[in-house]
Amino acid sequence: MAKNDPRIDAYIEKSADFAQPILRHIRAVVHAACPEVGETMKWSFPHFDYKGIMVSMASFKAHCALSFWHAKEVIGPEAQEGAMGQFGRIRSVKDLPPKRVLAGYVKKAMALKAAGAFAGFSLSHRREYVEWITEASYRMPVS
């Protein structure tokens, strides 16, 4: 079982009073759904890693945000594209999906990570990646 990162404990404690239960809830659901998850701070806010970045959370003055990497593949077309997350401005735990739905998203994100990032990309992202690789190979010197 993964350990809690003390930097995330500190982040939660420094967050606004309304945000603390939201962040604790998200953290608990992520850990319950993915016992192997790792915690870290990147770009000054908490991230949860499983074979790479899987999900992040953040708190602001008046709301929180929750963001899944590869959101369209995890959540589907209903995933909101906004400032920092797919669930809009989260002001209370009630603004999040039910615990079992959120855990399902975490498990789907885990499956995508386990299958490899490329397999988890949408078709358009796969094409972009392939183009990027092939363009780079044209620029490499031939020995």
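About the cut-offs
- Residues numbered from 1 in each chain as written.
- Predicted model: local features only at pLDDT ≥ 70, side-chain atom pairs only at ≥ 80, totals over all residues.
- Heavy atoms only, no water.
- Axes fitted to C-alpha atoms, helices over the stretch in contact; angles between N-to-C directions.
- Helix = DSSP H or I, 4+ residues; strand = E, 2+ residues; numbered from the N terminus.
- Parallel < 35°, antiparallel > 145°, perpendicular 65-115°, else oblique.
- Left-handed = near helix turned anticlockwise from the far one by under 90°.
- Contact = heavy atoms within 4.5 Å.
- Nonpolar A, V, L, I, M, F, W, Y, C, P; charged D, E, K, R; others polar.
- Core = buried A, V, L, I, M, F, W, Y, C linked by side-chain atoms within 4.5 Å.
- Buried < 20%, exposed > 50% of the residue type's maximum accessible area, 1.4 Å probe, protein only.
- Salt bridge = Lys/Arg side-chain N within 4 Å of Asp/Glu carboxyl O.

## Quick word on the packing of helix α2 (residues 19–33) against helix α4 (residues 99–115)
Thinking step 1. Relative to each other, α2 and α4 sit at 55°, their axes nearing to 9 Å. By the angle between their directions, the pair α2 and α4 is classed as oblique. In terms of crossing hand, the pair formed by α2 and α4 is right-handed. Here α2 contributes H25, V29, V30 and A33 to the contact with α4, which in turn contributes K99, L102, A103, V106, K107 and M110.
Thinking step 2. Of the residues in the contact of α2 with α4, the class split is seven nonpolar, one polar and two charged.

## Here's the deal with the nonpolar core
Thinking step 1. Among the nonpolar cores identified, the biggest contains 37 residues, and V30, M54, M57, L66, F68 and V106 are the most heavily contacted of them.
Thinking step 2. Counting residues per element, the ones that place at least two in this core are α1 (6–14), α2, β2 (45–49), β3 (53–59), β4 (64–68), α3 (71–74) and α4.
Thinking step 3. Those residues in contact with M57, other than ones at most four positions away along the chain, are I8, I12, L23, I26, R27, F45, P46, F48, A65 and L66.

## A few points about the pattern of salt bridges
Thinking step 1. One pass over the full model with this rule turns up five salt bridges.
Thinking step 2. Measuring nitrogen to oxygen at the nearest pair gives 2.6 Å for the salt bridge that ties D5 to R7.
Thinking step 3. Its relative accessible area of 44% is what places R7 among the partly exposed residues.
Thinking step 4. Within this structure, D9, R27 and E39 form a network of salt bridges that share partners.

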